[in-house]
Amino acid sequence: MRRLGALLWLALVLLASGYLALRLHDGLGFRTDLLALLPREEQDPVLQRANDAVTKALGRRVLALVGHADRETARKAAATLGDALLATGQVERIGEGIDVDRLKRLGALYFPHRQSLLSDGDRALLTAGKGEEVATRALSQAFGFAGLVDAGLLRNDPFLLLPSFLTNLPFPLSRLTPDEGMLSVTENGTTWVLVSAVLAGEPFELDLQDRLVGAFDAAVRDMPGVTVKRLGAVFFAHAGSKTAITEASTLGTLSLVGTILLVGLAFRRPGPLLHNLLALGVGMTVGLSGSLLLFGELHVAALLFGSSLIGVAVDYSLHYSASLFDPLSGSPSDRLRHVLPGIALGLVTTLIGYAALMLAPFPGLRQIAAFSIIGLVGAFLTVVLWLPSLDRARRLTHGALMLRAAAGLWSFWEERRWRGVRLVLVLGCALAGAVGLARLSADDDVRRLQAVSAELRHEQDEIQRLIGATTAAQFLLVQAADDEAALRRQEDLAATLAGLKAKGSIAGYQMPAAFVPSARTQRENRALVATALDAPLLAAQRASLGLPPADPNDKGPNSKAPEGVLTLGDALASDSVPFLRELVLGPGLHVVALQGLSDPDAVRAAVAGTAGVRLVNPTADFSALLAKYRHRALLLTGLAGLLMLPVLMWRYGWRGGLWALLPPGAALVLAPAVVGLMGQDFTFFHAMALVLILSIGVDYAVFCAESGVEQQPVTMLAVWLATLTTLLSFGLLAFSAVPAVHSFGVTMLVGISIAFLFAPLAARGTRHNEATNNARLR
């Protein structure tokens, strides 16, 4: 039967290897964005759609400022950089600003509707009956010292309403000015020229990152004396992915080399090392191929955490191999029969812990859970079905000193001479736990979970200051039956936003209605122009400008337009209004972009009573989700413990089951307490580590509970080796530069150490073990 099972398992492993080889040949794709680890907003598809659209618009935007004291040098360098980015094939278009061509198209769009478009200031003056001020301003612009008004424009727009409207459009790049087709700003003798681009793909695609950032860096290297500042999610994602991949490689190598050295030094034979590598390799292969088959692609975090599987997958083979030190060990089948209850029960309880991860609605965590479950089952089957047939090793006779040292921990918990030290240790742990938990605080701010390059952040701040804009992801979502209703809601909201701006809650805002007023407002504007300007002042204005009287039969250019108004569809089709397409998500679904949001609560309160308008703050929303699921992770940990308890009680009785759960339970309490003593905030990733501590800690406890008195040194040696390999993998994550990974690693380092320290206590109260021991001794 075992031979048949071994052959079937070999067939499955070959299939998994073939599938993995095929995927590697086609090129594996890894997600690198942290937000992909978070659940999608399932309750509100409209909100999710808006979040996706805004995130996509912001994420695909690339800005660079090219600076030099010489204007021409800066302009040439900016053009060269733009060409280099375009040549990568990863850029959809270059230039999103207000160049000459776009200005012409903008004028062509607005000019036919000039009498329907009023700036806020002109509209206020005309409403207040101060049309003379508008007329006087136009005359000043026409005859002033720097007057550059075109004569053709004066004939068609004698009050110069259209230039006033265009000047007051709320373009976000407020400090930049058009300069022969380029947007630039001059400060302290340096001319900064803007290079803007829109990516053709997602900024978190590794291939896109490598090509675009590589071309960017190469172009900058060829510009001696030119200063270049960069801004864009692709640069942050590239730096983050490089850090993650480097860490995964470094930590994975350290873990693998450390484990090989540890096993080699302990057994001094190649057999156990090869058996462990075989179990590990099969576990990793089937885990990776199974996860790819289930999900199609993996997050780089799943790869990072999955590589740490090395520390758990070898537990079963280590426990089997350590039985070579047992003087009572027999054939490989006898040794397997002896350790099988322990490793099988350990697998079941560990899978319960990992399965809890599957309950968390986080895509990345589900990938990690699937990777771990499939890999562990693969490693277990390899040990059970293959190792007894491959094992030719004889009983090991060396290692007496190592066994005595390993048994020392068991002696510490059993011998009376250590009673005082044990009491001090327990009281010390209790005191540290109480103080640490009292000091523990939670912080789920998603911005603190990623390692952000300080240099890139500095350049981002400099660019935002120089161009006078921010890249804030917060916005107001306006939802209505159609575009006209949505535009009216924005116009009704304008006074509220102006008040928030005056109070400093926001620095500015852009809304579609500012670029294309509603049909209601356009008709009101036209009527206002007719009654407050044309009727009383037009004849005199034309005379002052030296123009002939207006033709009384001319009904005006608006009569040639559909319904006499400019529509949002016309503006979008012309593609002449910068950023408008990013503000209109669909019919009746618009975005009001907020600049410099400093008081989200004030904005949320101000719009609370406006129907169809709500503040969307993705950063705060994601942080709130993390807090929500941190609580859920803690509940999952408790649930996993409750699910494990019946299994442990079935095996050891109710008292033995409770003793078996004591070591991991102590680790669950003390690990967060140590985090509190270290002054760290407790995050979602600390909480998720507790699930794994429970699973692995129960493994160690089960191994000890299954051990007879004579096998205690061998069992503790196996637990020692398992703990060290686990710390080599999970514990090394504590040295990660990524805060989320570091938090996970610190918790694992502390928790696993504590679970190991208390593991021998699991043997107390296990009457089953006593009966087994007596039977073996007889």
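Residues numbered from 1 in each chain as written. Predicted model: local features only at pLDDT ≥ 70, side-chain atom pairs only at ≥ 80, totals over all residues. Heavy atoms only, no water.

### Overview of the confidence of the model for the protein chain
Averaged over the protein chain, the pLDDT score is 83; the fraction of residues at 70 or greater is 90%. The lowest-confidence element of the protein chain is helix α30 (residues 767–777), averaging 50 in pLDDT; the highest-confidence one is helix α18 (residues 419–439), averaging 94. (pLDDT = per-residue confidence, 0-100. Helix = DSSP H or I, 4+ residues; strand = E, 2+ residues; numbered from the N terminus.)

### Observations concerning the pairing of strand β12 (residues 589–595)
Of all seven residues in β12, seven are buried; the element is thus mostly enclosed. The two faces of β12 match: L589, V591, A593 and Q595 on one face and H590, V592 and L594 on the other face are all buried. Bridging between strand β9 (residues 475–479) and β12 involves five bridges; their strand directions are antiparallel. Residue pairing in the sheet places V478 in a bridge with H590 of β12. Across two bridges, strand β11 (residues 584–586) lies against β12 in antiparallel orientation. Residue pairing in the sheet places G586 in a bridge with L589 of β12. (Buried < 20%, exposed > 50% of the residue type's maximum accessible area, 1.4 Å probe, protein only. Pairing = 2+ DSSP bridges.)

### Some points on the packing of helix α17 (residues 400–414) against α18
The N-to-C vectors of α17 and α18 enclose an angle of 90 degrees; their axes lie 8 Å apart at closest approach. With respect to α18, the axis of α17 lies roughly perpendicular. Between α17 and α18, the contacting residues are F412, W413 and E414 on the first element and V421, R422 and L425 on the second. The class makeup of the residues in the contact of α17 with α18 is four nonpolar, no polar and two charged. (Axes fitted to C-alpha atoms, helices over the stretch in contact; angles between N-to-C directions. Parallel < 35°, antiparallel > 145°, perpendicular 65-115°, else oblique. Contact = heavy atoms within 4.5 Å. Nonpolar A, V, L, I, M, F, W, Y, C, P; charged D, E, K, R; others polar.)

### Brief notes about the packing of aromatic side chains
Enumeration according to the criterion identifies nine aromatic pairs in this entry. With centroids separated by 5.6 Å and ring planes inclined at 35 degrees, the aromatic side chains of F267 and F325 adopt a geometry described as tilted. Of the two residues, F267 sits in helix α10 (residues 233–267) while F325 sits in the loop between α13 (310–322) and α14 (332–359), which places them 58 residues apart along the sequence. Assigned by exposure class, F267 and F325 land together as buried. Considering the side-chain rings of W720 and F756, the 4.7 Å spacing of their centres and the 65 degrees angle between planes classify their relative orientation as edge-to-face. Highlighted residues: W720 in helix α28 (residues 712–729) and F756 in helix α29 (residues 739–758), separated in sequence by 36 residues. An aromatic cluster is built from F412, W413, W418 and F758, whose rings are joined through pairwise contacts. Sitting over the ring of F111, R114 keeps its end group 4.2 Å from the ring centre. One Lys or Arg, R230, reaches over the ring of F235 and ends 5.3 Å from the middle of that ring. (Phe/Tyr/Trp six-rings, centres within 6.5 Å; stacked < 30°, edge-to-face > 60°. Lys NZ or Arg CZ within 6 Å of the ring centre and 35° of its normal.)

### Describing the side chain of S707
Summarising the element assignment, S707 is placed in the loop between α27 (684–705) and α28. Here T715 takes part through its side chain, which lies 2.8 Å from a polar atom of the side chain of S707. (Polar contact = N/O pair within 3.5 Å; in protein donor to acceptor, adjacent residues only side chain to side chain.)

### Structural notes on the nonpolar core
Core analysis: the biggest nonpolar cluster contains 119 residues, and F267, I343, L648, F684, F730, M748 and F758 have the highest contact counts within it. Ignoring anything within four residues of it in the chain, the contact list for M748 reads A689, L692, I693, I696, L727, F730 and S753. (Core = buried A, V, L, I, M, F, W, Y, C linked by side-chain atoms within 4.5 Å.)

### With respect to the pattern of salt bridges
All told, the structure shown has 19 salt bridges when counted by the stated rule. A salt bridge links E415 to R417; the shortest N-O distance between them is 2.6 Å. Among the residues examined, E415 registers a relative accessible area of 29% and is labelled partly exposed. Residue R417 is classed as exposed on the basis of its relative accessible area, which comes to 63%. Between D492 and R520 there is a salt bridge, with its nearest N and O atoms 3.5 Å apart. Placement of D492 in helix α20 (residues 483–503) and of R520 in helix α22 (residues 519–544) is noted, with a sequence separation of 28 residues between them. Overall, the relative accessible area of 52% leaves D492 in the exposed class. Since its relative accessible area comes to 27%, R520 is described here as partly exposed. Residues participating in the shared-partner salt-bridge network are E187, E462 and R465. (Salt bridge = Lys/Arg side-chain N within 4 Å of Asp/Glu carboxyl O.)

### Focus on the pairing of strand β6 (residues 190–199)
Burial analysis of β6 places nine of its ten residues in the buried class, the great majority of the element. Across eight bridges, strand β2 (residues 61–68) lies against β6 in antiparallel orientation. Its bridge partner lying in β6, R61 is registered against V198. The pairing of strand β3 (residues 91–94) with β6 spans three bridges and is classified as antiparallel. Bridging across to β6, R93 finds its partner in V198. Between strand β5 (residues 182–187) and the antiparallel strand that follows it, β6, lie two residues; N188 among them carries a positive phi value of about 50 degrees.

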